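Structure at a glance
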Amino acid sequence: MYLPVWIYISPVWSIWVIGVRFIYRLVLPLHGEIDFVYDVARLDEKLLLAELRNLGLRVRAVNIEEVVAPDGLGEVGVIRVAARSRVIPTAFTYESRGGVAINSATSLVLSHDKYLTYLRLVGAGVPTPATYLVFGGEAAVAVAEKLSYPVIVKPTDGSWGRFVNLVKSAEDLQSLVLQKRGMDSHMHLFLVQEYVEKPGRDIRVTVVGDRAVAAIYRISQGDWRTNTARGGRAEPARIDPELEDIAVRASKAVGTLYSGVDVVESERGYMVLEVNGVPEFKNVQRVTGVNVAGEIAKLVAEVARR
């Protein structure tokens, strides 16, 4: 009688896993323990933390709310803190003492500011919609007339499509400017961006190092915004050479080791909208079947060995 195949495979698999863990422990540790820094333990964080530990890395989970910086932080930090007000000083703390932040402090500053990201993309020759930084109503109207309506108006910082508006007239734009002036001071400057027609979807490409490891279409569910956080549907997307090239170049322009790059299909070809330095990837992993967390974990191990 034949025994089930897994009886033969299981010991081999166990030996391979033990071997991989041993190798990582052997070559890793001049830096010692790796901090996994978070504030909200979402599924993304749980997946990545598990993959880091599966590689046999010595990982310390650090809730940033329980830390007194700089003394409470180590030498290598995987920064998975959601809020800009926390993520940037945390990354700079690691680097100020000769340590390593993943992603780097500078890349997190750039990726959290859509205008600074835009400047880097333009400087690197990465196609992106025309975007202008404005501080008041008259400038906003002048830019909108230059671009022609409709235009996109959005803050320099933000995620999940919050406070992003599609504006179709000068009157609506003036009203929106007045509304923003009544909000917090960080809303008193904003971006006016050309509206790019897209086929009811955009593409989230997960870049790890020099590769686009997975991508999904985010398909609109009755909203011109396609964010899955706003109900957009996710489907696997094929990564062709052009898409990989533009996504990787965008990630490198901002300086991220890994990122989520938002790309739109336009009449002029692929255009990059944003680069996310603390990207969510659970939907990408679920929809594509690619172990995104595992790919990021291997990159972390490589960086920590340097």
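A quick note: this is a predicted structure, and the numbers were derived from the prediction, not measured. Each chain carries its own residue numbering, running from 1 in the direction its sequence is written. Reporting in this predicted model follows two pLDDT cut-offs: at least 70 for local features of residues, and 80 or more for side-chain atom pairs to be given and counted; totals over whole chains, interfaces and linings ignore these cut-offs and use all residues. Side-chain metrics rest on all non-hydrogen atoms present in the structure, leaving aside hydrogens and water.

**A few points about the overall build of the chain**
Applied cut-off: Counting from the N terminus, the helices are the DSSP runs of H or I reaching at least four residues and the strands are the DSSP runs of E reaching at least two. Relative accessible area decides the class of each residue, using a 1.4 Å probe on protein chains only: under 20% of the type maximum gives buried, over 50% gives exposed, and in between gives partly exposed. Contact criterion: two residues are considered in contact whenever any of their non-hydrogen atoms come within 4.5 Å of each other. In this description, accessible areas are obtained by the Shrake-Rupley approach with a 1.4 Å probe, and a residue is regarded as covered only by the protein chains that are shown.
If you tally the helices and strands in the chain, you get ten helices and 13 strands. Split into buried and exposed, the 306 residues of the chain put 50% on the buried side. The contacts in the chain between residues at least 6 apart in sequence include a share of 65% that link residues at least 24 apart. Taken as a whole, the chain presents about 15000 Å² of accessible surface, with 55% of it coming from carbon and sulfur.

**What about helix H8 (residues 241-254)?**
Cut-off, in case you're wondering: Take the number of residues in a helix, subtract one, and multiply by 1.5 Å to get its expected span. Under the rule applied, a polar contact is a pair of N or O atoms within 3.5 Å (in protein, one hydrogen donor and one hydrogen acceptor; residues adjacent in sequence only if both atoms are side-chain atoms).
Spanning 14 residues, H8 covers 20 Å between terminal C-alpha atoms, matching the ideal 20 Å at 1.5 Å per step. Every buried residue belonging to H8 is among Leu243, Ile246, Ala247, Val248, Ala250, Ser251, Ala253 and Val254, and all of these are buried. Residues of H8 that are buried in the fold lie against helix H4 (105-111), helix H5 (114-123), strand S9 (201-208), strand S10 (211-219), strand S12 (258-266) and strand S13 (269-276). The N-cap of H8, judged by a side-chain oxygen 3.1 Å from the amide nitrogen of Glu242 a few residues on, is Asp240. Gly255 sits one or two residues past H8 and shows a positive phi near 95°.

**Some details on the environment of Phe36**
Here Phe36 is to be found in strand S1 (residues 34-38). For the pair Phe36 and Val78, spaced 42 residues apart in the sequence, the C-alpha separation amounts to 4.9 Å. Not counting chain neighbours up to four residues away, the residues in contact with Phe36 comprise Glu45, Leu48, Leu49, Leu52, Val59, Arg60, Ala61, Val62, Val78 and Arg80.

**Considerations on the sheet that holds S12**
To keep things clear, this is the line we draw: What makes two strands pair is DSSP finding at least two bridges between them. Lines fitted to the C-alpha atoms define the axes, with helices restricted to the stretch that makes contact. Angles between their N-to-C directions range from 0 to 180 degrees.
With antiparallel pairing, five strands are arranged side by side in an open sheet as S11-S10-S9-S12-S13. Because the sheet does not close on itself, it has two edges, and the strands there are strand S11 (233-236) and S13. Taking each pair of neighbouring strands and ignoring which way they run, the sheet shows an average axis angle of 30°. Strand direction decides the pairing type here: S10 and S11, joined by four bridges, are antiparallel. Paired with Arg218 across the bridge in S11 is Ala234. Strands S9, S10 and S12 of the sheet are contacted by helix H10 (residues 292-305), whose axis makes an angle of about 35° with S9.

**A short note on the confidence of the model for the chain**
We apply this condition: As a per-residue measure, pLDDT reflects the predictor's confidence and takes values from 0 up to 100.
Considering every residue of the chain, the mean pLDDT works out to 86; 82% of them sit at 70 or more. Confidence drops under pLDDT 50 across residues 1-31; counting only partners more than four residues distant or on other chains, this segment forms 27 contacts.

**Examining the side chain of Ser259**
As for its placement among the helices and strands, Ser259 is situated in strand S12. Taking relative accessible area as the criterion, Ser259 reaches 0% and is therefore assigned buried. In this structure the side chain of Ser259 is engaged in a polar contact, spanning 2.9 Å, whose partner is the side chain of Ser251. Setting aside anything within four residues of it in sequence, one finds Ser259 in contact with Val205, Thr206, Val207, Ser251, Val275, Asn276 and Pro279.

**Re the pattern of salt bridges**
Short version of the rule: The salt bridge criterion pairs a side-chain nitrogen of Lys or Arg with a carboxyl oxygen of Asp or Glu, the two atoms within 4 Å.
Tallying each qualifying case throughout the model produces 21 salt bridges. Between Arg211 and Glu295 there is a salt bridge, with its nearest N and O atoms 2.6 Å apart. Within this pair, whereas Arg211 is found in strand S10, its partner Glu295 is found in helix H10, the two being separated by 84 residues in sequence. By relative accessible area, which is 41% here, Arg211 ends up partly exposed. One salt-bridge network, in which partners are shared between bridges, spans Arg42, Asp44, Glu45, Arg80, Glu280 and Lys282.

**Quick notes on unusual backbone geometry**
In this model, Ala69 is joined to Pro70 through a cis peptide bond whose omega is 5°. Looking at where Pro70 falls in the secondary structure, it is placed in the loop between strand S2 (59-63) and strand S3 (76-80). Phi is positive for Ser148, which is not a glycine, with a value near 80°. Of note, Ser148 is situated in the loop between helix H6 (137-147) and strand S6 (151-155). Residue Ser148 is classed as partly exposed on the basis of its relative accessible area, which comes to 42%.

**Things to note about the packing of helix H2 (residues 43-54) against H10**
The criterion, for reference: Under this scheme an angle from 65 to 115 degrees is roughly perpendicular, one under 35 degrees roughly parallel, and one over 145 degrees roughly antiparallel; angles in between are oblique. Take the far helix as the reference: if the near one is turned anticlockwise from it by less than a right angle, the crossing is left-handed, and if turned clockwise, right-handed.
For the pair H2 and H10, the least separation of the axes is 8 Å and the interaxial angle reads 50°. Viewed along their axes, H2 and H10 adopt a mutual orientation that is oblique. Regarding H2 and H10, the two cross each other, and that crossing is right-handed. For the pair formed by H2 and H10, the contact residues are Leu47, Leu48, Glu51 and Leu52 on the first element and Ala293, Gly294, Ile296, Ala297 and Val300 on the second.

**Topic: H10**
Relative to the 20 Å expected for 14 residues at 1.5 Å per residue, H10 spans 20 Å between its end C-alpha atoms, a close match to the ideal helical length. Burial runs high along H10: eleven of the 14 residues are buried. Those residues of H10 not exposed but buried are Val292, Ala293, Gly294, Glu295, Ile296, Ala297, Leu299, Val300, Ala301, Val303 and Ala304.

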